[in-house]
Amino acid sequence: MAEIRPARAVDDVDVRRIFVATMALGSPPDVPGLDTDAYARLCLDWYLTRGDAFVVEEDGRVRGYLLCCLDQRDHGRWSRREGLRWLAASLPALLGLRGGARLRRFLRLRIVDGWRAFRHAPPPPYPAHAHFNLEAGVRGNDVGHRLAAVMDDLVAARGLDGWYGEMNFPEGMPTGALTRAGAVLGHRERSATFSWLAGQPVWRTTVARPLAGRTRAFRDRAEPQRVGAVMA
C-alpha cells in the first residue's frame with residue numbers, strides 16, 4: 001500500500017521529476033529546448049521552501065506529491081517576482097536567438113495564459129490551495145482521496161473555510177466524481193498552452209473544496225493511512 005509522508009529535502013529531485021514527466025496532461029512536454037529545470041523551479045520552489053509538502057511512497061519509490069499553500073499572499077508575491085525572472089531568462093528564446101519555433105510558441109502561449117488569468121480570473125475562493133500529482137501507475141486507487149484528506153486537515157487546523165486547486169480538463173472529461181466528493185467547479189478558462197500541446201481544447205478550471213458540509217468521501221478512504229499528527 002502506498003504511504004503518504006512529509007517530504008524531506010532529498011525528495012525534491014523526485015517531486016521535480018514527476019512534475020516534468022506529467023506536466024502536459026500526464027506526459028512530458030514535447031517542447032525541444034525547454035529548460036524544464038528552470039520551469040520546475042518556477043512552479044514548485046515556493047512550496048518546497050515555504051509551504052507544506054508530502055510525498056506518496058510505494059515500494060521505496062516516490063510516486064506522487066502534495067504541495068500545500070496556506071499563505072496565498074506570500075505565494076502570489078513570490079510567483080510574480082520569480083515569474084518576471086523566468087520571463088527575462090526566456091527572452092533570447094522568445095526573440096528567436098536560441099531554440100526553435102516550438103519553444104517560442106510554448107513560451108508565447110504561457111504568456112498569453114498568464115495575461116488571461118490576470119485579466120479575467122476572479123479572486124481565489126479561499127486563501128489556501130494545493131498542487132498534487134501522481135504517476136500514472138497509482139492513479140487508479142484511492143491515493144488522490146487520501147491526499148485531499150491530508151489537505152482538508154491542514155486547512156481545518158489553520159481555521160480556514162476551504163481550499164482550492166487548478167486543474168486542466170480536456171474537452172468532455174467527466175467531473176462527476178469530483179462534485180460527488182464535495183468539490184465545486186468554478187472559473188473556467190481555455191488553456192492556450194495545453195490545448196496546443198494536447199491538440200484538443202483543454203480548460204483550466206478552479207476546483208474549490210469547501211470544508212463546511214463536506215462529505216466523508218475523502219475521509220473514509222483516508223482512514224487506513226494516517227500521516228503523523230496531520231490526520232485527525
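Each chain carries its own residue numbering, running from 1 in the direction its sequence is written. The predicted nature of this model means local features are confined to residues of pLDDT at least 70 and side-chain atom pairs, given and counted, to a pLDDT of 80 or more, with totals for whole chains, interfaces and linings taken over all residues. Values reported for side chains reflect all heavy atoms of the structure, with hydrogen atoms and water molecules removed beforehand.

Asker: For this particular structure, what's the right way to read the overall build of the protein chain?
Answerer: Put simply, DSSP H or I for four residues or longer makes a helix, DSSP E for two residues or longer makes a strand, and each gets a number counted from the N terminus. Along its length, the protein chain carries eight helices and seven strands. Expected size for 232 residues packed as a compact globule is a radius of gyration near 17 Å; at 18 Å, the protein chain falls within 12% of this value. When the accessible surface of the protein chain is split by element, carbon and sulfur atoms take 54% of a total near 12000 Å². Across the protein chain, 34 positive and 26 negative side-chain charges occur, with their mean positions spaced 6 Å apart. Radius of gyration here uses only the C-alpha atoms, and the compact-globule reference equals 2.2 Å multiplied by the residue count raised to the power 0.38. Exposure was quantified through the Shrake-Rupley algorithm and a 1.4 Å probe, taking into account, for residues, occlusion by the shown protein chains and nothing else. A positive count includes Lys and Arg, and a negative count includes Asp and Glu. His and the chain ends are not counted in either. Lysine's charge is taken at NZ, arginine's at CZ, aspartate's at CG and glutamate's at CD.

Asker: Help me understand helix α5 (residues 143-157) in this model?
Answerer: Along an α-helix, a turn takes 3.6 residues, which lines up residues three or four apart on a common side. A helix is expected to span 1.5 Å for every residue after the first. For α5, built from 15 residues, the straight-helix expectation of 21 Å at 1.5 Å per residue is met to within 8% by its first-to-last C-alpha distance of 21 Å. We call a residue buried when its accessible area falls under 20% of the maximum for its residue type, exposed when it is over 50%, and partly exposed in between, using a 1.4 Å probe and counting protein chains only. The element α5 is largely enclosed, with a buried count of eleven among its 15 residues. Buried within α5 we find V143, R146, L147, A148, A149, V150, M151, D152, D153, L154 and V155.

Asker: It is not clear to me how the packing of helix α1 (residues 12-22) against helix α2 (residues 36-50) should be interpreted in this structure. Could you clarify?
Answerer: Helix packing geometry: the angle between the two helix axes and the distance between the axes. Inter-axis angles, ranging from 0 to 180 degrees, are taken between N-to-C directions of lines fitted to C-alpha atoms, where helices are fitted over the stretch in contact. The contact between α1 and α2 brings their axes to 10 Å, and the two run at 120 degrees. Classified by the interaxial angle, the pair formed by α1 and α2 is oblique. Crossing of α1 over α2 shows right-handed handedness. Here D12, V15, R16, F19 and V20 of α1 lie close against α2, whose contacting residues are T36, Y39, A40, R41, C43, L44, D45 and L48. Each residue gets one of three labels, nonpolar for Ala, Val, Leu, Ile, Met, Phe, Trp, Tyr, Cys and Pro, charged for Asp, Glu, Lys and Arg, and polar for the others, Gly among them. Residues of the contact of α1 with α2, tallied by class, amount to eight nonpolar, one polar and four charged. When an angle is under 35 degrees it counts as roughly parallel; over 145 it counts as roughly antiparallel; between 65 and 115 it counts as roughly perpendicular; any other value is oblique. The hand of a helix crossing depends on one turn: near helix anticlockwise from the far one by less than a right angle means left-handed, and clockwise means right-handed. The contact criterion used throughout is that any non-hydrogen atoms of two residues lie within 4.5 Å.

Asker: Sorry, what's going on with the side chain of S195 here?
Answerer: Secondary-structure assignment places S195 in helix α7 (residues 192-198). Among residues more than four places away in sequence, those in contact with S195 are R190, Q200, P201 and V202.

Asker: Teacher, can you tell me more about the nonpolar core here?
Answerer: Where a protein is soluble and globular, its nonpolar side chains tend to be buried together. For this analysis, a nonpolar core means a set of buried residues of the types Ala, Val, Leu, Ile, Met, Phe, Trp, Tyr and Cys, connected via side-chain atoms within 4.5 Å. Counting residues in each nonpolar core, the largest one holds 35 residues, and the members touching the most others are F19, L44, Y65, L67 and F106. Of all the elements in the fold, those that place two or more residues in this core are α1, α2, β2 (52-58), β3 (61-69), α3 (72-94), α4 (101-120) and α7. Of all the elements, α2 adds the most residues to this core, at eight residues. For L44, the contacting residues outside a window of four places in its chain are V15, R16, F19, Y65, L67 and H131. Formed by 20 residues, the second largest nonpolar core is a distinct cluster that contains L70, A130, V138 and M151.

Asker: Please explain the side chain of R63 as it appears in this structure.
Answerer: Summarising the element assignment, R63 is placed in strand β3. The class of R63 is buried, set by a relative accessible area of 15%. At 2.8 Å, the side chain of R63 forms a polar contact with the side chain of E58. Here a polar contact means two N or O atoms within 3.5 Å. Within protein one must be a hydrogen donor candidate and the other an acceptor candidate, and residues neighboring in sequence count only if both atoms are side-chain atoms. Side chain to side chain, R63 and E135 meet in a polar contact 2.3 Å long.

Asker: How do you make sense of the pairing of strand β5 (residues 162-170) when you look at a structure like this?
Answerer: Sheet faces and side chains relate simply in a regular strand, where the side chains alternate between the two faces. Counting buried positions along β5 yields seven of nine residues, so the element is predominantly enclosed. Pairs of strands are assigned from DSSP output, requiring at least two bridges between the strands. By the bridge criterion, nine bridges tie β5 to strand β7 (residues 202-210) in an arrangement that is antiparallel. Each bridged residue has a counterpart across the sheet, and for W163 the counterpart in β7 is R209.

Asker: Can you help me understand α3 in this one?
Answerer: Most pronounced at A88, the bend in α3 amounts to some 30 degrees, and the proline P92 follows within four residues. Turning to α3, the residues buried within the fold contact α2, β3, α4, β4 (129-134) and β5. Looking one or two residues past α3, G96 carries a phi angle of roughly 80 degrees, positive in sign. One axis is fitted to the seven residues ending at the residue and one to the seven starting there. The bend at that residue is the angle between these axes.

Asker: Sorry, what's going on with the confidence of the model for the protein chain here?
Answerer: In low-pLDDT regions, the fine details of the predicted coordinates are not to be read closely. Every residue carries a pLDDT, the predictor's confidence in it, which falls somewhere between 0 and 100. Chain-level pLDDT for the protein chain is 89 on average; 90% of the residues reach the 70-or-more range. In this model residues 220-232 is a low-confidence stretch, pLDDT under 50, and it forms 30 contacts with partners more than four residues away in sequence or in other chains.

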